[in-house]
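Each chain, written out:
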Amino acid sequence: MFTRIHNRIIGSFIIIQMKFVLIRGANFHIRFSTPDAGYLDAKLTTRNILDYVVNLQNYGITYVDEMSSLKLEIKSCKDGVVFLSSSELMDSAEPFYEIVFGAYTNTRTYILKRNNDSLLPSSMTEVFPGGQPTHENNTLNCSEFRSFWITWSGGHIRIGRGPTVGENMFVEWEDPSPTNVRSIGMCTWWGNTGQWKIYVEDLYSGYYNGCGKNNTRADLNILQSLISRKIICSALCSFMDDCIGFNYQYVTKRCELLSLESAILPVDGVSLSTKSFWRFYTKCFRNKAMCVGCF
């Protein structure tokens with residue numbers, strides 16, 4: 001961890017005026033659920049398929065064009081779907097990759113590339129007709145999370161199991177006409193719901209964002225609650241990898257350090273309730289490109 005700080009001593013307390021903090025290997029996850037989107041089929045019937053997905057932009061992940069991999073966990077009985085879209089707006093008429101974990105009654109992994117919304121066979125490529133066998137009878141599980149990773153650099157798509165990118169690969173395909181990925185969405189369908197964990201590994205930028213909203217308090221898990229000045233509250237959160245931000249009450253000086261651990265977020269992001277004299281501050285990553293909770 002690298003820090004640059006100014007300290008001044010008041011009594012027995014050290015007041016830390018934080019300029020920036022860089023935490024190497026910071027790792028936290030965003031957790032949310034997806035509903036049953038119904039009987040959809042990107043290949044045969046559903047032109048506007050991306051209208052039904054949960055967009056990761058809802059959770060502050062707005063730098064997808066700089067990404068080339070994704071680590072995730074899925075808890076669903078079958079049909080956990082990831083869309084890698086070339087459209088920042090999730091426009092179904094633009095090219096995208098569809099990856100279905102637990103397809104064909106939870107026995108296969110299915111990949112489709114669709115170039116537009118015409119539904120013409122010539123406009124799409126079914127990478128593995130009938131799905132790629134996954135070497136397991138049950139790819140997904142109704143009651144436990146299963147870990148996967150996806151990489152797509154230069155249209156070279158690889159998929160594997162487990163938390164480490166590059167290990168236990170079981171699907172590989174190189175697109176002869178690569179599509180740039182600018183947004184990512186998740187979906188469950190055909191009678192299934194799902195819970196997801198999306199892992200974010202990056203450098204904390206040292207910045208907090210109040211999301212431009214006064215009198216708001218985030219409904220997240222509280223790691224610690226204490227009375228302090230706001231600068232102390234922010235400094236404490238800065239040194240905790242599992243602290244994603246804090247609520248601060250300006251009258252009572254109540255500081256609530258917050259975590260995303262085990263919190264299932266609604267599809268439109270962090271839930272903020274109206275509370276007088278409170279304000280929610282979230283950590284920003286990637287030089288302020290990702291501020292979880294600000295949309």
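Summary of the structure given here.

Each value, and the rule that gives it
- Residues numbered from 1 in each chain as written.
- Predicted model: local features only at pLDDT ≥ 70, side-chain atom pairs only at ≥ 80, totals over all residues.
- Heavy atoms only, no water.
- Helix = DSSP H or I, 4+ residues; strand = E, 2+ residues; numbered from the N terminus.
- Buried < 20%, exposed > 50% of the residue type's maximum accessible area, 1.4 Å probe, protein only.
- Contact = heavy atoms within 4.5 Å.
- Salt bridge = Lys/Arg side-chain N within 4 Å of Asp/Glu carboxyl O.
- Pairing = 2+ DSSP bridges.
- Patch = residues over 30% accessible without salt bridge, like charges linked within 9 Å, V, L, I, M, F, W, Y side chains within 5 Å.
- Areas by Shrake-Rupley, 256 points an atom, 1.4 Å probe, with all protein chains shown as cover.
- Lys, Arg positive; Asp, Glu negative; His and termini not counted.
- Charge placed at Lys NZ, Arg CZ, Asp CG, Glu CD.
- Disulfide = S-S within 2.5 Å.
- Polar contact = N/O pair within 3.5 Å; in protein donor to acceptor, adjacent residues only side chain to side chain.
- Phe/Tyr/Trp six-rings, centres within 6.5 Å; stacked < 30°, edge-to-face > 60°.

**Quick notes on the overall build of the protein**
Then, in step 1: Each helix and strand counted, the protein has two helices and 23 strands in total.
Then, in step 2: Sorting the 295 residues of the protein into buried and exposed places 51% on the buried side.
Then, in step 3: For the protein, the proportion of contacts with a sequence separation of at least 24, taken over those separated by at least 6, is 70%.

**Description of the pattern of salt bridges**
Then, in step 1: Within the structure shown, the criterion is met by five salt bridges.
Then, in step 2: The salt bridge involving D79 is made with K78; its shortest N-O contact spans 3.1 Å.
Then, in step 3: According to the relative accessible area criterion, K78 is partly exposed, its value standing at 23%.

**Topic: the pairing of strand 5 (residues 69-75)**
Then, in step 1: Within strand 5, six of the seven residues are buried, which leaves the element mostly enclosed by the surrounding structure.
Then, in step 2: Relative to strand 11 (residues 146-151), strand 5 runs antiparallel, the two sharing six bridges. Considered in strand 11, the bridge of I74 is made with R146.

**Notes on a negative patch on the surface**
Then, in step 1: Taken together, D51, D91, E94 and D117 make up a surface patch of like negative charges.
Then, in step 2: Residue position: D117 is located in the loop between strand 8 (108-114) and strand 9 (124-126).

**As for the state of the cysteines**
The term disulfide refers to a covalent linkage connecting the sulfur atoms of a pair of cysteines.
Then, in step 1: Taken as a whole, this structure holds three disulfides when the rule is applied.
Then, in step 2: Covalently, C237 is tied to C243 through a disulfide, its sulfur atoms 2.1 Å apart. The S-S bond linking C237 to C243 shows a torsion near -100°; that makes this disulfide left-handed.
Then, in step 3: Residue classification places C237 among the buried residues on the basis of a relative accessible area of 0%.

**Comments concerning the environment of C243**
Then, in step 1: Looking at where C243 falls in the secondary structure, it is placed in the loop between helix 2 (230-238) and strand 19 (245-249).
Then, in step 2: A C-alpha to C-alpha distance of 9.7 Å links C243 and N221, two positions 22 residues apart in sequence.
Then, in step 3: The residues touching C243, leaving out its near neighbours within four places in the chain, are L223, C237, L257, L258 and K283.

**Considerations on the side chain of T179**
Then, in step 1: Following the sequence through the fold, T179 ends up in the loop between strand 13 (169-174) and strand 14 (183-188).
Then, in step 2: Among the polar contacts listed, one links the side chain of T179 to the side chain of K113, at a separation of 3.2 Å.
Then, in step 3: Aside from chain neighbours lying at most four places away, what touches T179 is S86, P95, Y97 and K113.

**Section: a nonpolar patch on the surface**
Then, in step 1: A cluster of nonpolar side chains, namely Y250, V251 and F277, defines an oily patch on the protein surface of about 310 Å² accessible area.
Then, in step 2: For Y250, the location among the structural elements is in the loop between strand 19 and strand 20 (254-259).

**Examining the environment of L89**
Then, in step 1: As for its position among the elements, L89 is in the loop between strand 6 (80-85) and strand 7 (96-102).
Then, in step 2: Given the relative accessible area of 77%, L89 is considered exposed.
Then, in step 3: The spatial distance from the C-alpha of L89 to the C-alpha of Q57 is 9.5 Å, given a sequence separation of 32 residues.

**Some details on the packing of aromatic side chains**
Then, in step 1: Taken as a whole and judged by the stated rule, the model has 10 aromatic pairs.
Then, in step 2: Ring centres 5.5 Å apart and planes at 75° place the aromatic pair F83 and F96 in the edge-to-face group. With F83 in strand 6 and F96 in strand 7, this pair connects stretches of sequence that are 13 residues apart.
Then, in step 3: Residues Y248 and Y250 carry aromatic rings whose centres are separated by 5.2 Å and whose planes lie at 85° to one another, so their mutual orientation is edge-to-face.
Then, in step 4: Owing to a relative accessible area of 3%, Y248 belongs among the buried residues under this scheme.
Then, in step 5: For Y250, a relative accessible area of 38% gives the class partly exposed.
Then, in step 6: In textbook terms, an aromatic cluster arises when at least three aromatic residues are bridged by ring pairs, as seen for F83, F96 and W189.

**Some thoughts on unusual backbone geometry**
Then, in step 1: Positive phi values are uncommon outside glycine, yet N168 reaches one of about 55°.
Then, in step 2: In this fold, N168 is placed in the loop between strand 12 (156-161) and strand 13.
Then, in step 3: Looking at N168, the relative accessible area reads 51%, which means it is exposed.
Then, in step 4: One non-glycine residue, F277, adopts positive backbone phi at about 70°.
Then, in step 5: Locating F277 in the fold gives a position in the loop between strand 21 (272-274) and strand 22 (278-285).

**Re the side chain of T188**
Then, in step 1: Considering the arrangement of structural elements, one finds T188 in strand 14.
Then, in step 2: A polar contact of 2.9 Å, which involves the side chain of T188, links it to the side chain of T34.
Then, in step 3: From its side chain, T188 meets the backbone oxygen of N192 in a polar contact 3.4 Å long.
Then, in step 4: Those residues in contact with T188, other than ones at most four positions away along the chain, are T34, P35, D36, A37, S76, D79, G80, T193, G194 and W196.

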